[in-house]
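Residues per chain, in single letters:
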Amino acid sequence: MRYRWNQKDIFNATNKIQKLLEKEKDPEKIAFYAKVIDAVNNYMFETYAPISYRPSSLQERVIDATDSHLAYSRFVTYIGRFLDELNPLYDDICDLDEIEGNLKYEKPELFDFKRYTHEETLSLVRGFYADFDKELYDIFMKIYDERYKSVKFVKHYTNPDDPTFQETSGYCFYLGGINKAYISVDEQKGITKVSDAVHEFGHAIRYSILPSSAYSAENCFVSEVEAIFPELVFLYEQGKKIDSFQSSLAMFDPLATYYEKASCIRMQQLIVNAWYDNNYKLDKNVYQRLREVAQMDRNDVYAALNTPIKANGPYIISFGIVLELFNLYKRDKDKAMYLYKKIIKYPSLGDEFLRLLSIENELPLFEHLREEAIQINADVASEFNMRM
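Since this is a predicted model, take the numbers as computed values, not measurements.

Chemist: Is there a simple way to think about the overall build of the protein in this case?
Modeler: Along the backbone of the protein there are 17 helices and 3 strands. Out of the 388 residues in the protein, the part that is buried amounts to 50%. Contacts in the protein between residues at least 24 apart in sequence constitute 78% of all its contacts with a sequence separation of at least 6. Total accessible area on the protein stands at roughly 19100 Å², and carbon and sulfur atoms take up 50% of it.

See the structure below:
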């Protein structure tokens, strides 16, 4: 059967939510249903309406970076901690990233991974969640049973007119009130097609447990924990048995990417400071100052200002938390699963929750981040050595 999002099904589901809204008397539920309908309308507009893009100037991006660092200052602190833990591994990460690039150029056949059908993909996802946790598997199956109307496989793409835009490899669109999840999975070769689906079902499971989490701004900076953790466990426990090379790459690539993004976010503050000291003008004096204090050139400035905190912060912080949880999982699976389920059932995953984890000492943040990063680097280095 064909996998697709049934647009008629989405419209019918929206009408059901509208009827619930019209009958509802509770102000909190009215506000919730209104958020759901707004989310649907935004999705429909972005899908079917042509959107023109006006490139913002560097000056405008500096202003945006200034506002973001003020608005998300608490989370910038966590991003800084993530970066500080990984800075000693800078040379290793860069070297391995370069080796991967060279191999793709010199031996492209190594990256011609097996193509999994949609059926094979979802069968592997189902098998993983069956082993992952009984309670979560029961929730998963309610979503899985709707797959022919609510799962689609699409090509990953970027917008060539907008250097700051990148369509994620997958996403989950959730209709609270009637508990329907719509999942988009990146159509790609190899085991990462499966891990991407595992990731998106992770979001759907949490939304099913706690529908308000799909629309809460408080969750924005740790919203990926629910999805990245099962994704990493899948790659570690099952992916490596199927394709150890691609699975090792799938664990290394986000490490390298999030480290680079965290570095860009820190560079933004240097740019903002130089701009401020130059009477809010972005000219040659600013570039000269940045070269002197941080050896930054114009390309570095462009890269930093094209890394918005709100879009990248959730992945950086969540990845750091997940590596801590993953480290625990390898030592004490039961405790790790207890904490994971506690996280996805917690109503707010903002700064308060991060402090709570540290205070209770259940999951000391970033304590084992470098240890896990070293192991990820070692695994991918071993895979490279066998193929060079």
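Chemist: Honestly, the sheet that holds strand S3 (residues 180–186) in this entry has me stumped. Any pointers?
Modeler: Neighbouring strands of a sheet are bound in pairs by backbone hydrogen bonds; such pairs are parallel or else antiparallel. Spatially, S1-S3-S2 is the arrangement adopted by the 3 strands of the open sheet, whose pairing is mixed. Two strands lie at the open edges of the sheet, namely strand S1 (151–154) and strand S2 (171–175), each paired on one side alone. Each neighbouring strand pair of the sheet contributes to a mean axis angle of 15 degrees, computed without reference to strand direction. With 4 bridges connecting them, S1 and S3 associate as parallel partners. Residue pairing in the sheet places Val151 in a bridge with Ile183 of S3. The sheet strands contacting helix H1 (residues 7–23) are S2 and S3, and the helix crosses S3 at an angle near 145 degrees.

Chemist: It is not clear to me how the pattern of salt bridges should be interpreted in this structure. Could you clarify?
Modeler: Two side chains of opposite charge can pair, provided their charged atoms sit close to one another. Applying the stated criterion to the full structure yields 15 salt bridges. Put simply, Asp112 and Lys189 hold a salt bridge, and the shortest N to O gap is 2.6 Å. Placement of the pair is Asp112 in the loop between helix H5 (90–106) and helix H6 (118–132) and Lys189 in the loop between S3 and helix H9 (192–209), with a sequence separation of 77 residues. Among the salt bridges present, the one from Lys341 reaches Asp133, with a minimum N-O distance of 3.1 Å. On the criterion of sequence distance, the pair formed by Lys341 in helix H15 (residues 333–345) and Asp133 in the loop between H6 and helix H7 (134–144) is long-range, its members being 208 residues apart. Accessibility classification places Lys341 together with Asp133 in one group, the buried group. Each of Asp133, Glu135, Lys341 and Lys345 takes part in salt bridges that share partners, so that together they form one network.

Chemist: Sorry if this is basic, but what is going on with unusual backbone geometry here?
Modeler: Trans peptide bonds make up most of the peptide bonds, and negative phi angles are found at most residues other than glycine. Residues other than glycine seldom take positive phi values, yet Tyr280 does so here, at roughly 60 degrees. Examined against the element boundaries, Tyr280 turns out to sit in the loop between helix H11 (244–277) and helix H12 (284–294). Phi is positive for Phe366, which is not a glycine, with a value near 70 degrees. When you line up the elements, Phe366 lands in the loop between helix H16 (351–359) and helix H17 (369–385).

Chemist: Could you clarify how one ought to interpret the packing of aromatic side chains in this entry?
Modeler: Centre distance and the angle of the planes are the two values used to describe a pair of aromatic rings. Enumeration over the complete set of coordinates arrives at 25 aromatic pairs. Their ring planes at 85 degrees and their centres at 5.9 Å tell us that Tyr129 and Phe132 sit as a pair that is edge-to-face. With Tyr129 and Phe132 both in helix H6, this residue pair falls 3 residues apart, about one helical turn. Accessibility classification places Tyr129 together with Phe132 in one group, the buried group. Centre to centre, the rings of Phe173 and Tyr182 are 6.3 Å apart; their planes meet at 45 degrees, and the pair counts as tilted.

Definitions and limits used
Residues numbered from 1 in each chain as written. Predicted model: local features only at pLDDT ≥ 70, side-chain atom pairs only at ≥ 80, totals over all residues. Heavy atoms only, no water. Helix = DSSP H or I, 4+ residues; strand = E, 2+ residues; numbered from the N terminus. Buried < 20%, exposed > 50% of the residue type's maximum accessible area, 1.4 Å probe, protein only. Contact = heavy atoms within 4.5 Å. Areas by Shrake-Rupley, 256 points an atom, 1.4 Å probe, with all protein chains shown as cover. Pairing = 2+ DSSP bridges. Axes fitted to C-alpha atoms, helices over the stretch in contact; angles between N-to-C directions. Salt bridge = Lys/Arg side-chain N within 4 Å of Asp/Glu carboxyl O. Phe/Tyr/Trp six-rings, centres within 6.5 Å; stacked < 30°, edge-to-face > 60°.

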